[in-house]
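Here is what each chain is made of, one letter per residue.
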Amino acid sequence: MANSNQAKGDEYKHLGCKFPATPFPSRTHATLLQAEKKLKSFGFFSNKYEDAAEYFEKAGNSYKLAKAWTEAAECFGKLADCHLKCDSKHEAASSYVEAAKMAAKTKPQMSTELLQHAIGLYTDMGRLNMAARQLREIAEMNEKQGQKEEALAFHEQAADLFETDGSSSEATKSRRVCSMGGRQGVRDKQRISDKTLKSSQMQCFYQVLSAAA
């Protein structure tokens, strides 16, 4: 049985997924195989990318229910790729966003990259409000990771897009975050500077005492 599970896991190494010790239902594995098989097929009466998209979506939802976040992200990412092949940019962008939500659970950097794909598509379609919202999402992820400067940069980009799109209230909200973050950064630097100065003063004081002794 163990060898069978290992063999099944090997079948999916090309997806970049790391399968857990407990195997997923065989139907999910079979669905992924069907998707890959469709992509390699030569169809004359159907669009292989549309067919594969259906299987990737089913597999992604199965992994999502199983809380296998990385595998779900991989499937939704491949679903987005299939939509792009069919020139369905809106569906592709939505799939990248869904993939990013799954990846955010375990791989924030992967989530950021997926959202940037979605942002590019939304921008190309003129959906600036949607693009700005995804930029804000990246900013908030950076905040959670303690990457304040990166977060401020993404908030600033979001504010610019909101403003261009005419969403003045959303632009103001993002710029307010930038302003607050900027002031906090100045205060943090000032505290570090004061601490360094005090440490230097104390060191000089002890050197004077030592010399006097």
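One structure accompanies this document, and this report is about it. (Residues numbered from 1 in each chain as written. Predicted model: local features only at pLDDT ≥ 70, side-chain atom pairs only at ≥ 80, totals over all residues. Heavy atoms only, no water.)

**Considerations on the state of the cysteines**
Logical step 1: What the rule picks out here adds up to zero disulfides.
Logical step 2: Of the cysteine sulfurs around Cys86, a residue in no disulfide, the closest is that of Cys82, at 7.0 Å.
Logical step 3: Owing to a relative accessible area of 22%, Cys86 belongs among the partly exposed residues under this scheme. (Disulfide = S-S within 2.5 Å. Buried < 20%, exposed > 50% of the residue type's maximum accessible area, 1.4 Å probe, protein only.)

**Concerning the nonpolar core**
Logical step 1: In terms of nonpolar packing, the biggest core is built from 42 residues, with Phe56 and Leu114 touching the most fellow members.
Logical step 2: Elements supplying a minimum of two residues to this core: α2 (26–40), α3 (48–65), α4 (69–85), α5 (89–103), α6 (108–124), α7 (128–144) and α8 (148–165).
Logical step 3: Ranked by residues supplied to this core, first place goes to α5 with eight residues.
Logical step 4: Setting aside residues no more than four positions away along its own chain, Phe56 makes contact with Leu32, Ala35, Glu36, Leu39, Cys75, Lys78, Leu79 and Cys82. (Core = buried A, V, L, I, M, F, W, Y, C linked by side-chain atoms within 4.5 Å. Helix = DSSP H or I, 4+ residues; strand = E, 2+ residues; numbered from the N terminus. Contact = heavy atoms within 4.5 Å.)

**Digging into the pattern of salt bridges**
Logical step 1: One pass over the structure, following the stated rule, counts seven salt bridges.
Logical step 2: In this structure, the salt-bridge partner of Glu98 is Lys64, at a minimum N-O distance of 2.9 Å. Separated by 34 residues along the polypeptide, Glu98 in helix α5 and Lys64 in helix α3 bring together distant segments of the chain.
Logical step 3: Take Lys64: its relative accessible area is 33%, and that puts it in the partly exposed class.
Logical step 4: Salt-bridge contacts for Arg175 lead to Asp160; the nearest nitrogen and oxygen are separated by 2.8 Å. Within this pair, whereas Arg175 is found in helix α9 (residues 168–212), its partner Asp160 is found in helix α8, the two being separated by 15 residues in sequence.
Logical step 5: On the accessibility criterion, Asp160 (36% relative accessible area) is partly exposed.
Logical step 6: When salt bridges that share partners are traced, they join Glu156, Asp160, Glu163 and Arg175 into one network. (Salt bridge = Lys/Arg side-chain N within 4 Å of Asp/Glu carboxyl O.)

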